[in-house]
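# Chains, contacts and geometry: an overview
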Amino acid sequence: MFVLKLIELFFQDVESSRSYMDDIYSSVPEKCLAALMHLKNNVIGSNRQKGNVIQQGVIPRLTQLLENKDQSIEIRNETVIILSSLAKGTEDHVKELIKADIVPLLLLCIHSSDDKKLSENCLRCICSIFKSESAPVHLIFQEQRVIKNLLKLIMYSVSNQITITTILSVSIKCPEHQTMLWDEGAVFSLAALLSSPHYAVLMPTLSCLAALCHENKAVAQSVASASFGGKSVPDLLVALMARDKPTDMQLAGAKCLTYLYRADAMTADDSKILYKALPVLVYLCQNNYPWQERVEAAETLAYLTEINVELQRLASISNHLISVLTTFVNYKGDSSLPAAKFEEIRKELIQAAFRVFASLASNDEDIRKKIIESENLIHHIVNALDDSSTKVNLAAIRCLHSLSRSVQQLRTTFHDHSVWKPLMRLLENATDDILTVTSSTLCNLLLEFSPSKEPIVEAGAVDLLCNLTRREDPALRLNGIWALMNMAFQAEQKIKTLILNNLGIDHIFTLLIDTEVNVVMKTLGLLRNLLCTKPHIDFIMNLHGNEIMRAVMMILDANHSSDVKEQALCILANIADGDTAKEFIMSNDDVLRKLQEYMTVNNIKLQVATIFCISNLVWKEESGSTERQAKLKELGVVAVLQQLYVTTNTTLFDKVKTAMTQFNEC
């Protein structure tokens, strides 16, 4: 009986729908309008009915009715209301609307119609569609006229204020979008809306304002200097962060101030940042707030404190923040939560906590100590490195990267927990984001005083790091060569040989002409560390001496900064410290002339490095020093040194004195 009843109801639905669905296609306006109103009442609040009418192919007819300007305004309005209802259905329903190019049609209607109610309904529909991740948000900024129309309509009604700010906030994706809005005067409209009495207007306005000024200095400065009703935008934001305001509003206001500060429109010592934005974000991390707000507050706090030591120190001692964030990491959840939801919340909280820890620990050793001593934290970080979520991996690595700046932690905690092992695993087949942060962390773990250095080398790090130096991403090339430079410092000859063999002298030349100056600097640093201690210098120069001399001369002859050239001169000084390697300098007249040139250059750093090289060449206790001194005297080196005795720079004077002493005593 139950099954028969269901079948009966089904056929009743079908018969009922046929009657008015047929009338939607009627050329008689009254019948069509009545059918649309019937359809509207059927689909509102029922995803099942939405699915039914979509399956019956109603969307093309609705599109036809909406784009036909000869149809009555009542029919077109009812059509948009039905489309809006369908847009509030499932993701599949929204995708059907997107596939039918509803959004461009709605934008066209807004542009071409004088009916404010139709425009309002079209905006509601677009707003509903734009809640979907599949929404064609790029359409908003394809034409300047769309922005003009939206900003023209924004003050017409409360509904428009809600929908337009929502549409804009999700559509802003790049600096060009921000600039387009700025050029059309969006800043002043948003400033005015900050005084709205309506919560539903204020929240999307704050989101739109944050998106508008995020990492855009020019726009952010315009926002910070804008005002409405005699109050500046920052003051209006502070008013919305009062304790009697909803917590999500306080959070949104703090995010706007954070973005203004990070875009250099406000300073870190501004009272609105120090005593309003930061405290609001800290207290919203507390356990008694919804987890979504806690996550957003923590992530915004991480961004706020990321680059300023004083903000990091203040946050770390505010309201037991470090202990509170530890509860994020130790999230136990509610037993009634489904497993999937529990995992979602846990991962979000862990990511947020690690991001704050990464910011707080980036500069201050005392803060690092407090964080690392938090209950079981290092255990959670190591586990997070093996998590299935790349976002969790990335947050954990960033946290480790900040903590790895501590010599003490490298020698103790990092070694005790073999942190290098999961990091090495992450270097294989990882995304560029993860590779960048992981390789940055390995740079620190490969420092000479780190006990992790040896096992990392034994685990095949040389091969992995050499491969990074061949990547297109300059950040990966930099980290690869930087880590190799650290690895080569005071290393055994076998490690240096391994680096040279894997990297290849030809590729070293390629890195020395890299477009990124930091890559060039670290490559020179690598050569300097390879050419250290006499036996290693002589061994490497015996294998690659001519190529290395060519590389050094290439740097000295090129249009590089003094910092880069100083590194090249220091390499020559190291070569001059070898027993047999000295001859690569002494037998090369071009190099000797270059040294003589740099002795008189108007740059103390370059003069010091050059004279240090001269001292190593003429050191009286080494074999062949008499001949080398005689040749350099003949070139006029002693005369230049005598002229430099009048220098007032103590460092240069000491180097000159040391070199002259060697000449005088020979």
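Residues numbered from 1 in each chain as written. Predicted model: local features only at pLDDT ≥ 70, side-chain atom pairs only at ≥ 80, totals over all residues. Heavy atoms only, no water.

### Quick notes on the overall build of the protein
Regarding its fold elements, the protein presents 42 helices and 2 strands. Scaling as 2.2 N^0.38, a compact globule of 666 residues should have a C-alpha radius of gyration of about 26 Å, whereas the protein reaches 34 Å, well beyond that. Along the first, second and third principal axes, the C-alpha set of the protein runs to 115 × 55 × 45 Å. A fraction of 68% describes how many contacts in the protein between residues 6 or more apart in sequence connect residues 24 or more apart. Total accessible area on the protein stands at roughly 29,800 Å², and carbon and sulfur atoms take up 51% of it. Counting 65 positive and 76 negative side-chain charges, the protein places the centres of these two groups 3 Å from one another. (Helix = DSSP H or I, 4+ residues; strand = E, 2+ residues; numbered from the N terminus. Rg over C-alpha atoms; globule rule 2.2 N^0.38 Å. Contact = heavy atoms within 4.5 Å. Areas by Shrake-Rupley, 256 points an atom, 1.4 Å probe, with all protein chains shown as cover. Lys, Arg positive; Asp, Glu negative; His and termini not counted. Charge placed at Lys NZ, Arg CZ, Asp CG, Glu CD.)

### Focus on helix α18 (residues 291–305)
Its 15 residues give α18 an end-to-end C-alpha distance of 21 Å, which sits within 8% of 21 Å, the value for a rise of 1.5 Å per residue. The buried fraction of α18 is high, at 12 of 15 residues. Of the residues making up α18, those classed as buried are W291, E293, R294, V295, A297, A298, T300, L301, A302, Y303, L304 and T305. Residues of α18 that are buried make contact with α16 (247–262), α17 (271–283), α19 (309–316), α20 (321–329) and α21 (339–360). (Expected span 1.5 Å × (residues − 1). Buried < 20%, exposed > 50% of the residue type's maximum accessible area, 1.4 Å probe, protein only.)

### Some points on the environment of V324
Examined against the element boundaries, V324 turns out to sit in helix α20. Taking the C-alpha atoms as reference points, V324 and Y283, 41 residues apart in sequence, are found 9.6 Å from one another. The contacts of V324, once residues within four sequence positions are left out, are C285, Q286, R294 and N319.

### With respect to the nonpolar core
Among the nonpolar cores identified, the biggest contains 240 residues, and I129, F354, L572 and I585 are the most heavily contacted of them. Apart from the residues within four sequence positions on either side, I585 is in contact with M549, L572, I575, A576, V591, L592, L595, C613 and L617. (Core = buried A, V, L, I, M, F, W, Y, C linked by side-chain atoms within 4.5 Å.)

### Considerations on unusual backbone geometry
Residues apart from glycine generally show negative phi values, whereas peptide bonds are mostly found in trans. Of note, the phi angle at D264 is positive, near 65°, even though the residue is not glycine. Its place among the elements puts D264 in the loop between α16 and α17. On the accessibility criterion, D264 (51% relative accessible area) is exposed. Its identity is not glycine, yet S418 carries a phi of approximately 45°, on the positive side. Its location among the elements puts S418 in the loop between α26 (413–416) and α27 (420–426).

### Looking at the state of the cysteines
A covalent bond between the sulfur atoms of two cysteines is referred to as a disulfide. What the rule picks out here adds up to 0 disulfides. Unpaired in this structure, C32 has its nearest cysteine sulfur neighbour in C109, at a distance of 15 Å. C125 takes part in no disulfide bond, and the closest cysteine sulfur, belonging to C122, lies 7.4 Å away. Residue C125 is classed as buried on the basis of its relative accessible area of 0%. (Disulfide = S-S within 2.5 Å.)

### Observations regarding the UniProt feature "repeat: ARM" (unreviewed entry) in the protein
As annotated in UniProt, the feature "repeat: ARM" (unreviewed entry) corresponds to residues 57–92 in the numbering used here. The span residues 57–92 carries 75% helix and 0% strand; its end-to-end C-alpha distance comes to 14 Å. (UniProt positions renumbered as here; feature names shortened; annotations may be inferred.)

### Re the confidence of the model for the protein
Reading predicted coordinates in detail is not appropriate for stretches of low pLDDT. Predicted confidence across the protein gives a mean pLDDT of 92, with 97% of residues reaching 70 or more. Taken element by element, the protein is modelled with least confidence in helix α1 (residues 2–24), mean pLDDT 55, and with most confidence in α16, mean pLDDT 98. Across residues 6–12, confidence stays below pLDDT 50; counting only partners more than four residues off in sequence or on other chains, it has 0 contacts. (pLDDT = per-residue confidence, 0-100.)

### Side note on helix α10 (residues 158–171)
Its 14 residues place the ends of α10 20 Å apart at the C-alpha level, agreeing with the 20 Å of an ideal helix rising 1.5 Å per residue. In terms of burial, α10 is a largely internal element, 11 of the 14 residues being buried. Considered for burial, the residues of α10 that qualify are S159, N160, Q161, T163, I164, T165, T166, I167, L168, S169 and S171.

### Some thoughts on the packing of aromatic side chains
Applying the stated criterion to the full structure yields 4 aromatic pairs. Taking the centre distance of 5.6 Å and the plane angle of 90° together, the rings of Y259 and Y303 count as edge-to-face. Placement of Y259 in helix α16 and of Y303 in helix α18 is noted, with a sequence separation of 44 residues between them. Neither Y259 nor Y303 differs from the other in exposure class; each is buried. Between Y645 and F653, the ring centres sit 5.8 Å apart and the planes meet at 55°, which makes this aromatic pair tilted. For Y645, a relative accessible area of 33% corresponds to the partly exposed category. Stacked on the ring of W482, the Lys or Arg K522 has its end atom at 4.1 Å from the ring centre. (Phe/Tyr/Trp six-rings, centres within 6.5 Å; stacked < 30°, edge-to-face > 60°. Lys NZ or Arg CZ within 6 Å of the ring centre and 35° of its normal.)

### Looking at the pattern of salt bridges
It is possible for side chains of opposite charge to pair when their charged atoms get near one another. Considering all chains together, one arrives at 33 salt bridges under this definition. Here K117 makes a salt bridge to E120, at a shortest N to O gap of 3.1 Å. Separated by 3 residues within a single helix, K117 and E120 lie in helix α8 (residues 116–129), roughly one turn from each other. Taking relative accessible area as the criterion, K117 reaches 44% and is therefore assigned partly exposed. Among the ionic pairs, E184 bridges to K148, the shortest N-O distance being 3.3 Å. (Salt bridge = Lys/Arg side-chain N within 4 Å of Asp/Glu carboxyl O.)

### Section: the environment of N518
Within the secondary structure layout, N518 lies in helix α34 (residues 517–530). For the pair N518 and A361, spaced 157 residues apart in sequence, the C-alpha to C-alpha distance is 24 Å.

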